[in-house]
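Coordinate analysis (summary)
Here is what each chain is made of, one letter per residue.
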Amino acid sequence: MEKPKHHIFVCASFRANGEPQGVCHKKGSIQYLQYLQEGLSDRGMNDVVMSMTGCLKVCDCGPAMVVYPENYWYGKIESEEAIDEILDALNEGKPAEKYLIG
Ligand code: FES
């Protein structure tokens, strides 16, 4: 099995009962998933996988996502431009400083 080089976890605010009710979901994190997937594809980043997660406990900074294994924590991802900047930076092997939190 080929393991991914990077794994992006996008907060979808899922609670234990499966209901997405948290801050990131309310601020539209789900609506960027398709754009994120297309962005990976457009850049030929086939070694990156993406998953939706439950609350990452950084709600004040939402919408939030984390990139592993780099441990880049991103917040305030509220536009397609933010996604582009984050993917471009990842593709270049560095963090998108502007959106880092923590
Ligand atoms: S709901 Fe996304 S960090 Fe809490």
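Now for a quick tour of the structure. (Residues numbered from 1 in each chain as written. Predicted model: local features only at pLDDT ≥ 70, side-chain atom pairs only at ≥ 80, totals over all residues.)

1. Notes on the nonpolar core
Grouped together as the largest cluster of nonpolar side chains are 22 residues, with contacts concentrated most on Val10, Cys11, Ala64, Met65, Tyr74 and Ile86. Counting only elements with at least two residues in this core, the list comes to β1 (6-14), α2 (33-42), β3 (65-68), β4 (72-74) and α3 (80-91). (Core = buried A, V, L, I, M, F, W, Y, C linked by C-beta atoms within 7 Å. Buried ≥ 20, exposed ≤ 12 C-beta atoms within 10 Å, placed from the backbone. Helix = DSSP H or I, 4+ residues; strand = E, 2+ residues; numbered from the N terminus.)

2. Section: the pairing of β1
Examined bridge by bridge, β1 and strand β2 (residues 48-54) share seven bridges and lie parallel to one another. Residue pairing for β2: Phe14 is matched across the bridge by Gly54. For β1 and β3, the ladder comprises four bridges, and the chain directions are antiparallel. Among the inter-strand pairings, Val10 is bridged to a residue of β3, identified as Met65. (Pairing = 2+ DSSP bridges.)

3. Overview of the packing of α2 against α3
Contact geometry of α2 with α3 gives a least axis separation of 10 Å together with a crossing angle of 35°. Handedness of the crossing formed by α2 with α3: right-handed. Each of Tyr35, Leu36, Gly39 and Leu40 in α2 lies in contact with α3, whose residues at this interface are Glu80, Ile83, Asp84 and Leu87. For the contact of α2 with α3, a count of residues per class yields five nonpolar, one polar and two charged. (Axes fitted to C-alpha atoms, helices over the stretch in contact; angles between N-to-C directions. Left-handed = near helix turned anticlockwise from the far one by under 90°. Contact = placed C-beta atoms within 7 Å. Nonpolar A, V, L, I, M, F, W, Y, C, P; charged D, E, K, R; others polar.)

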